[in-house]
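Structural description and commentary
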Amino acid sequence: MKKTLYFHKLVIAGLLMLFSGFQLVAQSQISGIVTASDNKETLPGVNIVVKGTTRGTITDIDGNYILDLLPGDEVLQYSFTGYETFETAIAGRNEIDVELQAISELLDEIVVIGYGTVRKSDLTGAVSSIKSEEISKITSVNPQQALQGKVAGVHVTSNSGAPGDGVVVRVRGVGTFNNSAPIYVVDGMILDDISFLNSADIVSMEVLKDASATAIYGSRGANGVILVQTKTAEKGQTRTIINFNAEYGIQHLAKSIDLLDGRQFAIISNEIRPGSYNNVDAVPNTDWQDLIFQTAPMQNYQLSISGATPKAEYYIGMGFMNQDGIVPKSSYQRISLKLNNTYHVNDKVKIGNNFTITPFKQRNAPNVTYQAYRAQPLLEPYYADGSFGVVYNVGNPLADLAYSNDYRSGVRGVGNLFVEATIFNDFILKSSYGVDASFHKGKSFTPAYTIYNPDGTASQQNNLFSDLSKNSSDNFSWLWENTVNYNKVIQKHNINAVAGFTMQKIRSEYFGMAGQNLIRDAEDFWYIQPSYIVDETNNINMVQSIYNGVDAGQYYSMMSLLFRTNYTYDSRYIATVTFRRDGSSKFREENRYSNFPSFALGWNIINESFMQDIDYLSNLKLRASWGKIGNDKISYFDQFSIVQSGLFAIFGNPDAAFPAATYSKSGNPDLVWETTTQTDIGLELGFFNNRLTAEFDYYNRQTDDILIDLSTPGHLGNGQGQKVRYNAASVLNRGFEFNLRWRETLGDFNYSIGILGTTIHNEVLRIGGNSGIDSVLIGGYLGNGIPVTLSSVGNPIGAFYGYVTDGIFQTQAELDAYPHSSQADIGDLRFVDVNGDGKLDGNDRTYIGSPIPDFIFGFNMDFGYKSFDLSVDIQGQTGNKIFNGKDVVRPDPYNFEEYVWDRWTGPGTSNTEPKASFGGYNYTPSDKFVLDGSFIRLRNVIFGYSLPTHLVNSLNLQKMRVYVKATNLFTLTKYSGYSPEIGGNDVVSNGIDYGIYPISAVYSFGINVTF
Amino acid sequence: MKKYFYYSVFLALLLLSSCTKFLESNPQGVPTQEAFPTTAADALLSTNAAYATLRNWYYHSGGFPILDIMSDDAHKGSNPNDGLNTVGPYNNFSITPTQDGLDRWWSALYQGVKRANVVIEKVPEINMDEALATRYIAEARFLRGLYYFDLVRAWGGVPIVTSTTPPLEVSRSTKEEVYKLIEEDLLFAVLNLPAKGSYGGNNIGRASNGAAKALLAKVYLFKKDFINAEKYAVEVIQSGEYNLEPNFIDANGKNGQHGVESVFEVGAMENESALGNQYANTQGVRGTPNRGWGFNRPSLNLRYSFETEDPRLKGTIIDLGDVLDGITILGDGTTPDETYDDDGNLVEVECYNRKVWIPGTSTDTQFGHNRRLIRFADVLLMAAEALNENGKPGEALIHLNRVRERARNGNPDILPDIIETGKDALRDIILNERRHELALEGHRFWDLVRTGKAAQVLGPNGFISGKHELLPIPQNEIDISQGVLTQNPSW
């Protein structure tokens, strides 16, 4: 009945509209002001549409609006990103003031989950999200950086501070010995990496953490799923919004390492090798760190245009980022182009696209930070004639910088086309076809050069022939997804279901070659052509190597069926069942398919009648989930038994080589997916009308069937040391997550304070078979080939191992009384006889710390007062250790860290720092080099000021904000290196400081204008 | 509506039918074992691969010449600290089942077995010239026999693998079963391999009928089946294909490679380690000229055992100060020229194995030494030994004295002809002749073991009867097998 009535009204309205065209005088005006409920501030840019028409307006900078009405206009619709859309009947009024409810404040926030959305109150999984305003706070190539300290359970570390370098992301601990990175789903495209995305184009990132949320991604969900939504225009948005942001920053080395100066080094050298320096007060003093680091600019510009017509919405984004490194000759430039369109064919059918194209250019510096760390301070960088001075054993870092030319560039395009149709009112059919295509190339050139010793002879730092190497790789994948969504509310029953069929194919190939002795050094000649490459003696070309193949981890096809249903009864009881069946070409036919189910329950206690009287509680929800998910990030290759070529038999007289080929080691056709079983229990709370919100989760994820390499019996003929991959390890991660936030508005002042944290308990449950062999996994090889990690049952993945120190042997009597290595002497470290067998040997090496933090936390504050805003983000971690690998490897005399100055020089002088030595015994991997990696970092401080409305309006602008920002301003840590953030993609070589490119501190200034 | 239904059913079926194919993927750039060897060219490639193991450093007793080091002919060598705990313990029988090198040798021999098995199992299925196929298979069976012969001599009864897809766990067979397999393989090779002389050009160095017979003779010697040993050794001698190099050093040297004395040798190229053989580099002169690591130092015992003025002494040992091919041997600075024991007795002098010498000064060329696995002098001495055991000392002396005659090199004052005909005395003389003729070529330790003299000769070095005749099964192999493999007695 109601519907018919409405229809009649529409007809009447339509007729009236027809007339209105002729009778302009009949119109009236309505005005008002729109404010936000969270901070009571006026909201500029709010869309106001007369419902059922395309007519509307947008609020000005002060939140005011005026709209011409036509007879028949009945209802006004107010919409604004981040706020609940509000409708009100005009009912003859000519002034309507509206307060929009901020979505973040509402329980019925819509949460994006895999293949659909769900109301937050109906969610049974553990999902955390951050919005564009948080994402855009961080200026980085890697949008994931924005998750650091903002999402409980997510740990983000930088590999290094080199421009363009990636980050290491771990969701809820380290789940496998293999690739432990989460997957990213950008507008439906399943990807391994999102460094091609411009943060400014992202509207939200949701981290799916538990099995209920990730099982819909089946074999790829085990290490977490990060959903990324890019920006689109609002449907019905009448005004074209143009936003421009410019930011300029200066980066500098936040902290240098305390090393010995020239005089100190000379004194210590004289102790080790008496008579090395006659006058220690007269030696030069070079601060090598000072010579290789510079302050460097960073620029970031974004422009976005979004708008809508009745039939279409569009979003165009453009970004340019230019970052120079704090080490010369390192830089990164990226252009990002974004185009998201939706066309409404009719009420029921829409088609659209999401496209991103990102060309980039990167320049890499050689690892001069390690050289500067090692270079003796009493050597001088240049000779009197200005040529490079020799730096014994290390090489002159300035020369390496001067002669190194290493470039990478590429382009990545990711996009999809989709069609979406609503049928029978409740079903939405969607088909989407997407591609991810990228092309990368690299070139590296080193000219011929020689650094000379003071006596004029050539030093070891030289390059006899110029070297050129080039490589390229291309990657193409396509993903075709077909889903049907069903949404139905029948009285108290709310059903939300999705089913789908998807196919994906991924291919990647690389090609590379290297040559020597180019005819000229100039960049114009950096091509490998036989005619341009000459041998100094006989003019033959010296092409060194050519290689070509596929990337074994990026060569596979997948086919999947997926299903999920979310059922809510009376907004109180929720059940979710998820199921995905994946088939992958990475496995043999018998093991090709696997099923990944999950089950979850939720209870909105707050909606129970007995809760109605508890006023201070605004939300109370309990949820629990269980499920199995997989990890397929492994090589496609291990299943195959392949033929080994490149062998030779030598026959004939004189000897000549004849090619040979035969069976290589046997593959393992029985390989299956790594499977993670995860249980999650969550509690969500809201107090005082959700001014205080809290979320607690307990998680327990156990990964089984982890792929590791095991030794095979010799009689199989695989050859010595050849290992074969088996599903033969298990790892447990468990812990608690919490996320608390307080928001309040006091007149002109509003603020929000959030604190969140995660505990991680990581433990290896099983490695290898039942025999003693392969029951541990050794890794973390230092530059001298000595491993410093050992993963074994009961300890964390990649745990450090080595000797435990217990003071210094002060006297001969002490030395004689204690088991010691034959190399140990008075004044040397005393290693503990851990196994108590009365002798000191390799068996006394033991667990000496974990690279995995046991607690990671973030502390975030936002303040707003009138036109001023301030945000402060603090983040940190405790319990992890860093292995100071750069200090340990000392085959030759290098400079020392300053702590060596407190060395033992005689009985009683020190019981922690042994007598000075250039290497050897005291530098055996031990807990002396395992340093506390805990830190608290003031990660980001932003202070902004929005220009007054009248000023902005007079410039014909909607909004203008200027801000200053400081990133990595301050870090509280005991760690002696540049930064306690030591990443590492290889989980068994994690947390080892090999002498990394430091992360810089950045001070920047920015301006943001909305037209 | 119905039409759309059929369309969708059709589409769904199409999708499903293409599914299995969609999820198939083959490895890129390399064939799989299912598709190899399938052509005549593949057959040749896989046969060649069975030979490639011979240049694997590990094939040569795990890399280091431990057989000579365990014998009374040699010490560890190199400088005192180099390989002290890895190679050193072989010198005084203080090795353990986890000793460095054991697993390398074990794995390399089985890798050779596997490569031979590929040919033996797959080549018969290939549609190709049948005679050629049979020759390839015979070559592979010769090599398989060669590899198993090392296995059975080093470890006794070992797991027998005759398939390319053996089970993960195979228990040890008896020594007799292993010998039976070797015998079958070599008899097949004898029947189906061509004579050495019929291999020409690019096939020089392939296993021949003569090589198979010589190896078979050796196998019978180890089995103490002297009748058969005599038969095959004499057949090789009577074939007329072989003779002794006039010059003793050419028997192992560059000049004699693939020469008249060579029965079976491992071809290797100079300059490039990928095509060379590190066997000689391991033992090459250390220091100046830098020809290698200097392992396998000839012992004083060996030096003093040579008969007066036997020219083979200088053909076996390089001393400091020697000038070879115009190059003065200065040796290694960090290695003492002379080593004394605690009582002040001279126990070692710095010297090197002459038999792996290759003219030149660079390290790389040393990789080009063609190791002679079987040479004619060995066959003559095997024949002599078998004939003596079979009660034919007269015939034995002919072959024995032929070896001595060559060694004498025309000097009538040295190395007189042997005239002894007493079986026991002649046996000792022949063993001693083997020592001097074949020193540092990997024969001595096993000769002592098979003749039962090991305890007597090597006892002072630590050899324990009933234990050290065999090496211990590598501990990691026992661990991986989870106890299926049992250790040799007393280890």
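A few words on the overall build of chain B. Within chain B one finds 17 helices and ten strands. On C-alpha atoms alone, chain B measures out to a radius of gyration of 26 Å, which is about the 23 Å that the 2.2 N^0.38 rule sets for 491 residues. Overall size of chain B, expressed as C-alpha extent along the three principal axes, is 110 × 50 × 50 Å. Among the 491 residues that make up chain B, the fraction classed as buried is 54%. Partitioning the intrachain contacts of chain B with sequence separation of at least 6 by distance along the chain shows that 67% fall at a separation of at least 24.

On a plain count of helices and strands, chain A comes out with ten helices and 52 strands. Taking 30 Å as the expected radius of gyration for a compact globule of 1011 residues, we find that chain A reaches 32 Å, a close match to that expectation. With respect to the principal axes defined by its C-alpha atoms, chain A has extents near 105 × 70 × 65 Å. Taking all 1011 residues of chain A together, 45% fall into the buried category. A sequence separation of at least 24 residues applies to 69% of the contacts in chain A between residues at least 6 apart.

It is worth spelling out the pairing of strand S52 (residues 1000-1010) of chain A at this point. Residues and elements named next belong to chain A. Sheet topology note: the strand S17 (residues 241-253)/S52 ladder contains eleven bridges and is antiparallel. Looking across to S52, one finds that Glu247 is bridged to Gly1006. As paired elements, strand S51 (residues 959-973) and S52 share nine bridges and run antiparallel to each other. Across the sheet, residue Tyr963 finds its bridge partner in S52, namely Gly1006.

A word on the nonpolar core. Membership of the largest hydrophobic core comes to 121 residues, with the highest contact counts inside it found for Phe142, Ala212, Ala217, Ala233 and Val379 of chain B. With 14 residues, helix H6 (residues 130-155) of chain B is the largest single contributor of residues to this core. Of all hydrophobic cores here, the second largest spans 50 residues; its members include Ile138, Val151, Ala215 and Val498 of chain A.

Two orientations exist for strands paired in a sheet by backbone hydrogen bonds: parallel and antiparallel. Residue and element names in this part refer to chain A. Pairing in this open sheet of five strands is mixed, and the strands run S10-S15-S16-S13-S14 from one edge to the other. Since the sheet does not close on itself, it has two edges, and those belong to strand S10 (127-131) and strand S14 (189-191), each with one partner. Between one strand axis and the next, the sheet turns through 20° on average, direction left out of account. Looking at chain direction, strand S13 (residues 183-186) and S14 are connected through three bridges and run antiparallel. Bridge assignment links Val185 to a residue of S14, and that residue is Ile190.

All names here are of chain A. Spatial ordering of the open sheet is given by S4-S1-S7, a layout of three strands whose pairing is mixed. Two strands bound the open sheet, and with one partner strand each, they are strand S4 (64-69) and strand S7 (98-100). Direction aside, neighbouring strands of the sheet carry axes that sit 35° apart on average.

Chain B puts 57 residues into the contact, and the matching count from chain A is 45 residues. Those elements that provide at least two residues to the side of chain B that touches chain A are helix H1 (2-22), helix H2 (40-52), helix H5 (102-122) and helix H17 (475-480) of chain B. The greatest single-element share of the side of chain B that touches chain A, amounting to eleven residues, is contributed by H5 of chain B. Here the side of chain B that touches chain A is composed, by residue class, of 27 nonpolar, 21 polar and nine charged.

The subject of this paragraph is unusual backbone geometry. With omega at 5°, the peptide bond leading from Asn653 of chain A into Pro654 of chain A counts as cis. On the secondary structure map, Pro654 of chain A appears in the loop between strand S33 (643-651) and strand S34 (656-663). Following Thr288 of chain B, the chain continues to Pro289 of chain B via a peptide bond in cis, the omega torsion being -10°. Tracing the chain through its elements places Pro289 of chain B in the loop between helix H10 (278-283) and strand S3 (295-298).

Turning next to H5 of chain B. Taking 1.5 Å of rise per residue, 21 residues should cover 30 Å, and H5 of chain B covers 30 Å from first to last C-alpha, within 8% of that figure. Among the 21 residues that make up H5 of chain B, 19 are buried, leaving the element largely enclosed by the rest of the structure.

As for its placement among the helices and strands, Ser871 of chain A is situated in strand S47 (residues 868-878). Each C-alpha atom, one on Ser871 of chain A and one on Lys329 of chain A, is 33 Å from the other, the two residues being 542 residues apart in sequence.

All names here are of chain B. Here H6 contains 26 residues, and its C-alpha end-to-end distance of 37 Å stays within 8% of the 38 Å for a straight helix at 1.5 Å per residue. Counted residue by residue, H6 has 21 buried out of 26 residues, so it is predominantly covered. Phi for Gly156, located one or two positions after H6, is positive at around 85°.

With that out of the way, let us pick up the environment of Thr363 of chain B. All names here are of chain B. Within the secondary structure, Thr363 is located in the loop between strand S9 (351-353) and strand S10 (371-375). A residue is classified by how many C-beta atoms lie within 10 Å of it, and Thr363, with 16 of them, is partly exposed. For the pair Thr363 and Val30, spaced 333 residues apart in the sequence, the C-alpha separation amounts to 34 Å.

Further remarks concern the packing of helix H8 (residues 209-222) of chain B against helix H9 (residues 226-238) of chain B. In a packed pair of helices, the relevant descriptors are the angle between the two axes and the axis-to-axis distance. All names here are of chain B. It is the contact of H8 with H9, at a shortest axis distance of 8 Å, that shows an interaxial angle of 155°. Here H8 lies roughly antiparallel to H9, going by the angle between them. Where H8 crosses over H9, the handedness of that crossing is left-handed. Contacts between H8 and H9 involve Gly210, Lys213, Ala214, Leu216, Ala217, Tyr220 and Leu221 on the former and, on the latter, Asn228, Ala229, Tyr232, Ala233, Glu235 and Val236.

Another aspect to go through is the packing of H2 of chain B against H5 of chain B. Residue and element names in this part refer to chain B. Packing of H2 against H5 leaves a shortest axis separation of 8 Å and a crossing angle of 160°. If you check the angle between H2 and H5, you find them roughly antiparallel. The crossing of H2 and H5 is left-handed. Counting all contacts with H2, which are made through Ser46, Thr47, Ala49 and Ala50, the residues of H5 involved are Gly112, Arg115, Ala116, Val118 and Val119. Here the residues of the contact of H2 with H5 sort into five nonpolar, three polar and one charged.

Quick look at the confidence of the model for chain B now. Atom-level detail of predicted coordinates should not be read off regions where pLDDT is low. Across chain B, pLDDT averages 93, with 96% of residues at or above 70. Predicted complex metrics record ipTM = 0.94 and pTM = 0.83.

A few words now on the pairing of strand S24 (residues 449-452) of chain A. Here S24 of chain A runs beside strand S25 (residues 458-463) of chain A; their pairing, made up of three bridges, is antiparallel. Paired with Tyr449 of chain A across the two strands is Asn463 of chain A, which belongs to S25 of chain A.

Our focus in this paragraph is the environment of Glu176 of chain B. All names here are of chain B. For Glu176, the location among the structural elements is in helix H7 (residues 175-192). Owing to 11 C-beta atoms within 10 Å, Glu176 belongs among the exposed residues under this scheme. A sequence separation of 47 residues divides Glu176 from Lys223, and the C-alpha atoms of the two residues are 9.1 Å apart.

This next bit is on the confidence of the model for chain A. Residues and elements named next belong to chain A. Mean pLDDT over chain A works out to 89, with 94% of the residues at or above the 70 mark. pLDDT under 50 marks residues 1-7. Its contacts with residues more than four places away, or in other chains, come to zero contacts. Confidence drops under pLDDT 50 across residues 10-26; counting only partners more than four residues distant or on other chains, this segment forms 13 contacts.

Rules of the game
- Residues numbered from 1 in each chain as written.
- Chains lettered and ligands numbered in written order.
- Predicted model: local features only at pLDDT ≥ 70, side-chain atom pairs only at ≥ 80, totals over all residues.
- Helix = DSSP H or I, 4+ residues; strand = E, 2+ residues; numbered from the N terminus.
- Rg over C-alpha atoms; globule rule 2.2 N^0.38 Å.
- Buried ≥ 20, exposed ≤ 12 C-beta atoms within 10 Å, placed from the backbone.
- Contact = placed C-beta atoms within 7 Å.
- Pairing = 2+ DSSP bridges.
- Core = buried A, V, L, I, M, F, W, Y, C linked by C-beta atoms within 7 Å.
- Axes fitted to C-alpha atoms, helices over the stretch in contact; angles between N-to-C directions.
- Nonpolar A, V, L, I, M, F, W, Y, C, P; charged D, E, K, R; others polar.
- Expected span 1.5 Å × (residues − 1).
- Parallel < 35°, antiparallel > 145°, perpendicular 65-115°, else oblique.
- Left-handed = near helix turned anticlockwise from the far one by under 90°.
- pLDDT = per-residue confidence, 0-100.

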